[in-house]
Amino acid sequence: MKPFLAMLTRDMKLATRIGGDSLTVLLFYIMTGAIMPFAIGPDKDQLAQLGPAIIWISALLSLLLALDRLFRMDHEDGSLLAMRQASLPLEMIVVAKICAHWVTTALPLIVATPVLAILLNLEIDQTLRVIFTLLVGTPALICFGAIGAAVTVSIKRGGLIAPILILPLSIPTLIFGVSAVSSGAIANAQDAALLFLAGFTLLSLVFTPFAAALALKMAAE
Amino acid sequence: MRKNGKNPENIALNVMNLACERGGFEIFSGVSFTAQPGEVILLRGPNGAGKSTCLATLYGVLPKSFGTVSFENIDPEREPREYLHIVGHVPGVKTTLTVKENLTFWAQLYGGTENVLPAIEAAGLEAIQDSEASILSAGQTRRLGLARLLVANRPIWILDEPTSALDKQGDQWVGQLIADHCAEGGIVIAATHLDIPHLAPEAVKTVMIGYSAVDHAS
Amino acid sequence: MTESKPQEPTPQDLGFFSRIAHPGYFLEWSRYFIWPLVGITTILMAYGLYLAFFNSPADYQQGETVRIMYVHVPSAWLSQFCYAVMAIAAIGSLVWRHPLADVSAKAAAPLGATFTAIALITGALWGAPTWGTFWEWDGRMTSTLIMLFIYMGIIALWRTFEDQVRAGRIIAVITLVGAINVPIIKFSVDWWNTLHQPASVFRLDGPTMPPSILLPLFVMFFAFSFLFLLLHFISMRTEILRRRARAIERQYAQQLRTQKP
């Protein structure tokens, strides 16, 4: 447990210090959400209707922004190689890094969601529901992002290719996440979507550590 | 009688006829040696002959295409990686963490010592232990990276050009580090041009890598 | 240090499967399959197209446009079959580290993307007269579009790696992750589709099909499958030769470097 916590706290420290991504991701999230009305128009009813979708898209894009650095820095400065001699298997190191990444990028963004909700004219109960779906769904986004980051870690300019790989894979999360807030007519659809979202997140949490660790090992060859 | 503090289990390493190829192209082949406790293996050869590749094959990051690497006396319950320290070309130092935080992290991750102060002192960085590593010079960064070797006890050290970015004094320091490790029963395998002081000549083995080694000698 | 050099096993020393999968040996035996495959594909394609254009009825609702189906359905099938080939090759790359598996996966990606694109284009052409629009967010069309994105991502990834040997295994990982995801994506898109579009639309391949439609469909299905097999063989051979040329270049460069005084 101690090596795991060491990994977790170290990545959290790195993300919150100078050169870290936490604040950048948060600002990007708020700004992306806030520029949507300039394209859609300030009609309050329309904004309220599109609100959950806007928030989810903004969250997806801002999380993609930071993912490239999840493994790249450690790969390039030799830390990742040294981590492979740890008393912890690489899979667990990946889990620790994913957890730290979620806490330092996704969590601040979820906490800041009420700000966007006010700008987009969302009702209180809808806001709470969006926050809840983000809590359930963002781990899956981070997981797929981690796989994309691991796959592209050895490519010098891999920053652009990773989102191309990740975006199609995050479609189920987007569908279930937004449907769990605003799926309109069909009864029980929201609850079903929430359950699917939770299931998808659990599934991705199960296979991501293995897939990402495997990709990292292959990248070091 | 040799002290065995660094290698209580008497771990030894046996390498037989090791080879590595990539994409059907052989990078090196026919590397064989045994490393007994207290021995230094120096890999030497021209640039691009595959020294780094050979080390990576030894610690299992690259797949070998031929031959065997066997560890003697290791606990079958534990992975071979838990007996190794590896320092590569790049030091693995995070510039936004302090000197102490850097080493504490590695100590905890490797299940090593609680007190990292001796390692900081050995690297000569005790005066700036609470400063961010970004203020360190290239040489000091290298020392900090190498100080990782001291925060957790692993019998086998694998070092790839450990003296790059170091001055003459730094070379001596690394030499002493290696000598001390071996004096206590540890094994060091290094790709370096450094001479290791204070060690009996029979404890130092040299392995030549690269098929053109003969041409270069003549 | 001993001097004995490891010998690469010659094809004769290996078992049957290792032997046919040895890249050099593959070049040998696949050569004899190219022309027969060209023949079979041409005959099937000619017969299938004849049936499709002249020897099958027009649909009473969709009219002549139903004939697009004879190209669309086999392409849609191949777009999924190609991915299955890539996923199996990915297992071969990761488990056995087999070079031929890398080659097979790399050769299949552009083919899969092409067949997926054909399925989408024919679907859109069929949609224009039937739905009155080129694009409908129909469940099948949407998941085919996402399939195309996944293929494009993988092709783009192949193109960014300098070291194709390393690329093979890394891309195998993302290919398998995609394989786990494709059914989930399909399910989520279908679910999303029923949620937002309860109105029933025409499907390009309805459940009930009379034999007069089934026969040409069947022939075209085989024609396309053989076309894929042929193209896959050819592009695998090309890729092996390209890698050999590369290896020879590297060897030559290495010789130059070590010969230097």
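Residues numbered from 1 in each chain as written. Chains lettered and ligands numbered in written order. Predicted model: local features only at pLDDT ≥ 70, side-chain atom pairs only at ≥ 80, totals over all residues.

### With respect to the overall build of chain B
For clarity, the cut-off: In this description a helix means any DSSP run of H or I spanning at least four residues, a strand means any run of E spanning at least two, and both kinds are numbered starting from the N terminus. Note that the radius of gyration is over C-alpha atoms, with the globule rule given as 2.2 Å times the number of residues to the power 0.38. With C-beta atoms placed from the backbone, the exposure class of a residue follows from how many other C-beta atoms lie within 10 Å of its own: 20 or more, buried; 12 or fewer, exposed; in between, partly exposed. Throughout, a pair of residues is in contact if the C-beta atoms placed from their backbones lie within 7 Å.
Secondary structure summary: chain B contains 6 helices and 8 strands in total. The C-alpha atoms of chain B give 17 Å as radius of gyration, which agrees with the globular expectation for 218 residues (17 Å, within 12%). With respect to the principal axes defined by its C-alpha atoms, chain B has extents near 50 × 35 × 35 Å. The 218 residues of chain B split such that 46% are buried. Excluding contacts between residues fewer than 6 apart, the proportion of contacts in chain B whose partners are at least 24 apart in sequence is 73%.

### What to know about the overall build of chain A
Broken down by element type, chain A carries 11 helices and 0 strands. Listing every helix and strand of chain A by position from the N terminus yields α-α-α-α-α-α-α-α-α-α-α. Projected onto the principal axes, the alpha-carbon positions of chain A cover approximately 55 × 35 × 30 Å. Here the analysis covers contacts within chain A between residues at least 6 apart in sequence; of these, 79% occur between residues at least 24 apart.

### Considerations on the interface of chain A and chain C
Using the following cut-off: Amino acid classes used here: Ala, Val, Leu, Ile, Met, Phe, Trp, Tyr, Cys and Pro are nonpolar; Asp, Glu, Lys and Arg are charged; the rest, including Gly, are polar.
Taken residue by residue, the interface counts 26 residues in chain A and 22 residues in chain C. Contributing elements (two or more residues each) for the side of chain A that touches chain C: helix H8 (124–151), helix H9 (161–169), helix H10 (171–179) and helix H11 (189–220) of chain A. The element that contributes the greatest number of residues to the side of chain A that touches chain C is H11 of chain A, accounting for 8 residues. Of the residues that constitute the side of chain A that touches chain C, the class distribution is 21 nonpolar, 4 polar and 1 charged.

### Examining the sheet that holds strand S4 (residues 66–72) of chain B
All names here are of chain B. The following threshold applies: DSSP calls a pair of strands paired once it identifies at least 2 bridges connecting them. A fitted line through C-alpha atoms represents every axis, and for helices the fit uses only the stretch in contact; the resulting angles, taken between N-to-C directions, go from 0 to 180 degrees.
Spatial ordering of the open sheet is given by S2-S1-S4, a layout of 3 strands whose pairing is antiparallel. Either end of the sheet is taken by a strand with one partner, and the two such strands are strand S2 (25–35) and S4. Taking each pair of neighbouring strands and ignoring which way they run, the sheet shows an average axis angle of 15°. Summarising the sheet, strand S1 (residues 12–22) and S2 pair through 7 bridges and their orientation is antiparallel. Note that in S2 the partner of valine 15 across the bridge is phenylalanine 33.

### Re helix H5 (residues 139–160) of chain C
What counts here: Residue count minus one, scaled by 1.5 Å, sets the expected span of a helix.
An ideal rise of 1.5 Å per residue puts 32 Å on 22 residues; H5 of chain C measures up with 32 Å between its terminal C-alpha atoms. Looking only at H5 of chain C, the buried set comprises Gly139, Met141, Ser143, Thr144, Ile146, Met147, Leu148, Ile150, Tyr151, Gly153, Ile154 and Leu157 of chain C.

### Looking at the pairing of strand S5 (residues 84–87) of chain B
Residues and elements named next belong to chain B. Going residue by residue along S5, you find Leu84 and Ile86 tucked away on one face and His85 and Val87 tucked away on the opposite face as well. One ladder, built from 4 bridges, connects S5 with strand S6 (residues 156–160); its direction is parallel. In the strand pairing of S6, histidine 85 is matched with tryptophan 157.

### Comments concerning the UniProt feature "transmembrane region" (unreviewed entry) in chain A
Keep this limit in mind: UniProt positions are given in the numbering used here, feature names are shortened, and annotations may be inferred rather than shown by experiment.
Sequence positions flagged by UniProt for "transmembrane region" (unreviewed entry) are, in local numbering, residues 21–41, 53–71, 92–119, 131–153, 160–181 and 193–216 of chain A. Along residues 92–119 of chain A one finds 96% helix and 0% strand; the C-alpha atoms at either end are 40 Å apart.

### Notes on the packing of helix H4 (residues 138–151) of chain B against helix H5 (residues 168–183) of chain B
Residue and element names in this part refer to chain B. Rules: Our angle categories are set so that under 35 degrees counts as roughly parallel, over 145 as roughly antiparallel, 65 to 115 as roughly perpendicular, and the remainder as oblique.
Interhelical geometry of H4 versus H5 gives an angle of 5° and a closest axis separation of 11 Å. The angle between H4 and H5 falls in the class roughly parallel. In contact with Gly139, Arg142, Arg143, Leu146 and Leu149 of H4, H5 contributes Gly170, Val174 and Leu177. Considered class by class, the residues forming the contact of H4 with H5 number 4 nonpolar, 2 polar and 2 charged.

### So, the confidence of the model for chain B
All names here are of chain B. To be explicit about the condition: For every residue, the predictor reports its confidence as pLDDT, a number between 0 and 100.
Per-residue confidence for chain B gives a mean pLDDT of 82; residues scoring 70 or more make up 92%. Model confidence for chain B, summarised as mean pLDDT per element, is weakest for helix H6 (residues 213–217) at 38 and strongest for helix H2 (residues 99–109) at 91. Scored below 50 in pLDDT, residues 212–218 shows 5 contacts in the model against residues more than four places distant or in partner chains. For this predicted complex, the interface score ipTM comes out at 0.90, while the overall pTM is 0.88.

### Describing the environment of leucine 62 of chain B
Along the polypeptide, leucine 62 of chain B turns up in the loop between helix H1 (51–58) and S4. Sequence-wise, leucine 62 of chain B and alanine 127 of chain B are 65 residues apart; in three dimensions their C-alpha atoms are separated by 39 Å. Apart from the residues lying within four places of it in its own chain, the contact partners of leucine 62 of chain B are Glu221 of chain A together with Cys20, Thr53, Ala56 and Thr57 of chain B.

### Things to note about the environment of glycine 178 of chain C
Tracing the chain through its elements places glycine 178 of chain C in helix H6 (residues 164–196). If near-sequence neighbours (up to four positions away) are discounted, glycine 178 of chain C is found in contact with Leu169 of chain A together with Ile150 of chain C.

### A closer look at H11 of chain A
Rule in force here: The bend reported for a residue corresponds to the angle between axes fitted to the seven residues ending at that residue and the seven starting there.
The terminal C-alpha atoms of H11 of chain A lie 45 Å apart, and with 32 residues this matches the ideal 46 Å at 1.5 Å per residue to within 8%. At phenylalanine 207 of chain A, H11 of chain A shows its strongest bend, of approximately 35°, with the proline proline 209 of chain A following within four residues.

### Considering the sheet that holds S5 of chain B
All names here are of chain B. Spatial ordering of the open sheet is given by S5-S6-S7-S3-S8, a layout of 5 strands whose pairing is parallel. Looking at which strands have only one partner, the edges of the open sheet turn out to be S5 and strand S8 (204–208). For this sheet the average axis-to-axis angle between neighbouring strands, irrespective of direction, equals 15°. Where strand S3 (residues 40–44) meets strand S7 (residues 187–191), 4 bridges bridge the pair, whose relative direction is parallel. Opposite leucine 42, over in S7, you have alanine 190 as the bridge partner. Contacting S5 and S6, H4 runs over the sheet at an angle of about 180° to S5. Against the sheet, H5 contacts S3, S6 and S7, and its axis sits at roughly 150° relative to S7.

### With respect to the confidence of the model for chain A
Here chain A shows a mean pLDDT of 90. Residues at 70 or above account for 97%. When the elements of chain A are averaged for pLDDT, helix H4 (residues 69–76) of chain A gives the smallest value, 89, and helix H6 (residues 90–111) of chain A the largest, 94.

### Observations regarding the packing of helix H3 (residues 69–95) of chain C against helix H4 (residues 99–130) of chain C
All names here are of chain C. The condition is simple: Two helices cross in a left-handed way if the nearer one is turned anticlockwise from the farther one by less than a right angle. They cross in a right-handed way if the turn is clockwise.
Closest axis-to-axis distance for the H3/H4 pair is 8 Å, and the angle between their directions is 160°. Taken together, the axes of H3 and H4 are roughly antiparallel relative to one another. Viewed along their axes, H3 and H4 form a crossing whose handedness is left-handed. Considering only residue class, the contact of H3 with H4 consists of 18 nonpolar, 10 polar and 1 charged.

### Side note on unusual backbone geometry
Residues and elements named next belong to chain B. The phi dihedral of glutamate 161 is positive, around 45°, even though this residue is not glycine. Locating glutamate 161 in the fold gives a position in the loop between S6 and H5. Classification of glutamate 161 as partly exposed rests on a count of 18 C-beta atoms within 10 Å.

### Let's talk about the nonpolar core
Convention followed: In plain words, the nonpolar core is the set of buried Ala, Val, Leu, Ile, Met, Phe, Trp, Tyr and Cys residues that C-beta atoms within 7 Å link up.
In terms of nonpolar packing, the biggest core is built from 193 residues, with Ile147 and Ala215 of chain A touching the most fellow members. With residues up to four places along the chain from it excluded, the contact list for alanine 215 of chain A reads Ile147, Ala150 and Val151 of chain A together with Ile170 and Val173 of chain C.

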